[in-house]
Amino acid sequence: MYKANENRYETMKYNRCGKSGLLLPAVSLGLWHNFGDTSSYANMVDLCLTAFDNGITHFDLANNYGPSDGAAEKNFGRILKEYLLPYRDEMIISTKAGYYMWPGPYGDHGSRKYLIASIDQSLKRMGLDYVDIFYHHRPDPDTPLEETMLALADIVRSGMALYVGLSNYDGPRLEEATQILDELHVPFIINQNRYNILDRTIEKNGLKETSKHLGKGIICFSPLAQGMLTDRYFNGIPADSRVKTDGRFLKEDQISKEIIDNLKKMNEIASDRGQTLAEMALAWCLKDDSITSVIIGASKTSQILDNIKAAEKTVFTQDELKAIDSLSF
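Residues numbered from 1 in each chain as written. Predicted model: local features only at pLDDT ≥ 70, side-chain atom pairs only at ≥ 80, totals over all residues. Heavy atoms only, no water.

J.: Teacher, can you tell me more about the overall build of the protein here?
T.: A tally of helices and strands in the protein yields 12 helices and 10 strands. For the protein, the C-alpha radius of gyration of 19 Å lies close to 20 Å, the compact-globule estimate for 329 residues. Oriented by its inertia axes, the alpha-carbon framework of the protein measures out at about 50 × 50 × 40 Å. For the protein, buried positions account for 56% of its 329 residues. Contacts in the protein between residues at least 24 apart in sequence constitute 75% of all its contacts with a sequence separation of at least 6. Element-wise, carbon and sulfur atoms account for 49% of the exposed surface of the protein, whose accessible area totals about 14,600 Å². (Helix = DSSP H or I, 4+ residues; strand = E, 2+ residues; numbered from the N terminus. Rg over C-alpha atoms; globule rule 2.2 N^0.38 Å. Buried < 20%, exposed > 50% of the residue type's maximum accessible area, 1.4 Å probe, protein only. Contact = heavy atoms within 4.5 Å. Areas by Shrake-Rupley, 256 points an atom, 1.4 Å probe, with all protein chains shown as cover.)

J.: What is the right way to look at the pairing of strand β5 (residues 92-97) in this model?
T.: Regular strands show a simple pattern: their side chains alternate between the two faces of the sheet. Buried residues dominate β5, accounting for six of its six residues. The alternating pattern of β5 places Ile92, Ser94 and Lys96 on one face and Ile93, Thr95 and Ala97 on the opposite face, and all of these are buried. Here three bridges tie strand β4 (residues 58-60) to β5, and the two strands are oriented parallel to one another. Among the inter-strand pairings, phenylalanine 59 is bridged to a residue of β5, identified as isoleucine 93. (Pairing = 2+ DSSP bridges.)

J.: Would you mind showing me how to read the environment of glycine 104 here?
T.: Relative to the helices and strands, glycine 104 is located in the loop between β5 and α3 (112-126). We classify glycine 104 as exposed; its relative accessible area is 51%. Here the alpha-carbon distance between glycine 104 and tyrosine 130, two residues 26 residues apart in the chain, equals 27 Å.

J.: Please clarify how a negative patch on the surface should be interpreted in this entry.
T.: A cluster of acidic residues, Glu146, Asp170, Glu175 and Glu176, forms a negative patch on the protein surface. Looking at the element boundaries, glutamate 176 is found in helix α5 (residues 171-183). With a relative accessible area of 44%, glutamate 176 lands in the partly exposed category. (Patch = residues over 30% accessible without salt bridge, like charges linked within 9 Å, V, L, I, M, F, W, Y side chains within 5 Å. Salt bridge = Lys/Arg side-chain N within 4 Å of Asp/Glu carboxyl O. Lys, Arg positive; Asp, Glu negative; His and termini not counted. Charge placed at Lys NZ, Arg CZ, Asp CG, Glu CD.)

J.: I'm lost on the nonpolar core in this one. Help?
T.: Core analysis: the largest hydrophobic core is formed by 97 residues, its most contacted members being Leu29, Phe76 and Leu84. Grouped together as the second largest cluster of nonpolar side chains are 11 residues, Leu22, Ile189, Ile190 and Phe221 included. (Core = buried A, V, L, I, M, F, W, Y, C linked by side-chain atoms within 4.5 Å.)

J.: Sorry, what's going on with the packing of aromatic side chains here?
T.: Centre-to-centre distance and the angle between the planes together describe a pair of aromatic rings. Considering all chains together, one arrives at eight aromatic pairs under this definition. Geometrically, the ring pair formed by tyrosine 2 and tyrosine 87 is edge-to-face, given 5.9 Å between the ring centres and 70 degrees between the ring planes. Here tyrosine 2 is found in the segment before β1 (14-16), whereas its partner tyrosine 87 is found in the loop between α2 (71-84) and β5, with 85 residues between them in sequence. Like tyrosine 2, the residue tyrosine 87 is buried in the burial classification. Arranged with centres 5.4 Å apart and planes meeting at 55 degrees, the rings of phenylalanine 52 and tyrosine 87 form a pair that is tilted. Residue phenylalanine 52 is found in helix α1 (residues 41-53), and its partner tyrosine 87 is found in the loop between α2 and β5; the two are separated by 35 residues along the sequence. Here the aromatic cluster, defined as three or more aromatic residues joined through ring pairs, consists of Tyr2, Phe52 and Tyr87. (Phe/Tyr/Trp six-rings, centres within 6.5 Å; stacked < 30°, edge-to-face > 60°.)

J.: Help me out: how do you make sense of the environment of tryptophan 32 in this one?
T.: Inspection of the secondary structure puts tryptophan 32 in the loop between β3 (27-30) and α1. The partly exposed category is assigned to tryptophan 32, whose relative accessible area is 24%. Note: C-alpha distance between tryptophan 32 and tyrosine 9 (23 residues apart in sequence) is 25 Å.

J.: Would you take a moment to explain the pairing of strand β7 (residues 161-167) for this structure?
T.: With five of seven residues buried, β7 lies mostly within the body of the structure. Where strand β6 (residues 131-136) lies against β7, five bridges are found, and the strand directions are parallel. Within β7, the position partnered with tyrosine 135 by the bridge is glycine 165. Regarding topology, helix α4 (residues 145-157) serves as the crossover connection from β6 to the parallel β7, and that connection is right-handed. Pairing geometry for β7 and strand β8 (residues 188-194), over four bridges, is parallel. From the neighbouring strand, glycine 165 faces β8, where its bridge partner is isoleucine 190. Read from β7 through α5 to β8, the crossover connection turns out right-handed. (Right-handed = clockwise from strand over helix to strand, strands pointing away.)

J.: In this structure, what is going on with the pattern of salt bridges? I would like to understand it.
T.: Pairs can form between side chains of opposite charge once their charged atoms are near each other. Evaluated as defined, the whole model comprises 17 salt bridges. Of the charged contacts, one joins arginine 273 and glutamate 320 as a salt bridge, the two residues approaching to 3.0 Å between their closest N and O atoms. You can see arginine 273 sitting in the loop between α9 (257-272) and α10 (277-285) and its partner glutamate 320 sitting in helix α12 (residues 318-326), a full 47 residues away along the chain. Side by side, arginine 273 and glutamate 320 carry an identical accessibility label, which is buried. Within the structure, one salt-bridge network assembled from shared partners comprises Arg112, Asp154 and Arg157.

Structural data, given as structure tokens:
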């Protein structure tokens, strides 16, 4: 019988999600990788329990996380049933819908048909009555925004989700969505977008500024740029790396000598701060109050323990920030 660490809340920092009443841990665990059919179930259990024992209360999923689609939700549901169910009220569980899930015209994008069918399937896979946050995973230009937002509103009203989130939206579309959701009195509290030292898109497309103005939180995925913002590739590409074993999201030709040279210089800045490059990269995301949390992925429990240290030192000098910017390509 699993018993959670009694001191799990003593060191983790919890940040308010925009202007809402919800707090999220500064570091959240994402199940995008390493929770599918091809991964070790015993390792999945170790990852989730290590995270929870160290104050990570938020577990982030999506309907299509695998491989295969739905596998991460099924595996997480099994972990919940066997280990974590007594702690359900201490956990924030989020999932999403917006990418391809099943054949035909109703298994993708942002229609009311797809979103409501998807959340129903997700709850069954995880063995839950509700999720804490349900996201629309990506904008759908072919479905009226009003239809998508009304579907999210009805999902909350039906009790299948407590809060609403949006993922991969830009600033202008976020503002449109917020107006609709406000009129529907929906607890929309958070945006999930890619953000890291090497990818500043949300600074350029208005998402970061608009989120702060509207009082919405931001949670960052890929804060380590699929592992580039670590020392993993300093001496070549390991055979067991994601580049070699997957290659969908980080390709070998992206890891040039120039990039590695710059990352090594960035690593020196981190070392001077008493951090690893990965810790500094996570801390950089958390350096201002616009960012609520960063989503880490992990294949080893040691990575979780290392990454949560990032929340301990998130203050940067102007010289450090200028130096990091100069190396950010």
